[in-house]
Amino acid sequence: MTAVRALAIELDAIGDTRPLWSAWLESARGVLEIDPAELSVDRSEAAAALDRAAAGNWRTLLERFAEDHAPAYLRRDAATSAALQSLASGGVELGVFTDAPEQLARVALAQLGAARRVSLLESGAGALERILAALGPDAAVVRTRNDLLQRP
């Protein structure tokens, strides 16, 4: 087996950010004047809908909410942290991709203790394609925690 030099990791393989996103949507229901139930489950599509709805400074509100509430929704996992450390120490370039807005993704990576190990972050529509273009054609893709933990 050829050694992997770059890895594109889906953010939710490191920590599930969907509950934090859902909590923010619910908390912002009255402020944004949009029904969260009407938004797509694809967060890049939901973000585009919020932008189209002229929901003002929703990205700033999301970032502040995430900073305040991330500790309640995201917990560091020892095995995941060890896997990321081992990969990074072994010279593997780590990139993270997600459909979540960048503001949520950056807060999540920091809360999960992964920000210092990750060299690239791509978020929103087309994030996987952009991260693969940046990491190179030989980059492997990891979509689940189990896949991450099984990396050599």
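In short, a report on the structure. Because the structure is predicted, anything quoted here is derived from the model rather than measured.

Criteria and thresholds
- Positions within a chain are numbered from 1, following the residues in the order the chain's sequence is written.
- It should be noted that, the model being predicted, local features are given only for residues of pLDDT at least 70 and side-chain atom pairs only at 80 or more, the latter also being counted only at that level, while totals for whole chains, interfaces and linings use all residues.
- Hydrogen atoms and water are omitted, and side-chain values are computed over all heavy atoms in the structure.
- Centres within 6.5 Å are what make two rings of Phe, Tyr or Trp a pair, Trp counting through its six-membered ring; a difference in plane orientation under 30 degrees is then read as stacked, over 60 as edge-to-face, and the rest as tilted.
- Runs of H or I in DSSP of at least four residues are treated as helices and runs of E of at least two as strands, each being numbered from the N terminus.
- For the exposure calls, accessible area comes from a 1.4 Å probe over protein chains only, and a residue counts as buried if that area is under 20% of its type's maximum, exposed if over 50%, partly exposed in between.

## Focus on the packing of aromatic side chains
The full count for this structure, using the stated rule, is two aromatic pairs. Note on Trp21 and Trp24: the rings are 5.5 Å apart at their centroids and 35° apart in plane angle, and the pair reads as tilted. Taken together, the positions of Trp21 and Trp24, both in helix H2 (residues 18-27) and three residues apart, correspond to about one turn of that helix. Both residues of the pair, Trp21 and Trp24, count as buried. Ring centres 5.9 Å apart and planes at 40° place the aromatic pair Trp24 and Trp58 in the tilted group. Of the two residues, Trp24 sits in helix H2 while Trp58 sits in helix H5 (residues 58-73), which places them 34 residues apart along the sequence. By the ring-pair criterion, three or more aromatic residues cluster together here, those being Trp21, Trp24 and Trp58.

What is shown is where atoms sit, not what they do.
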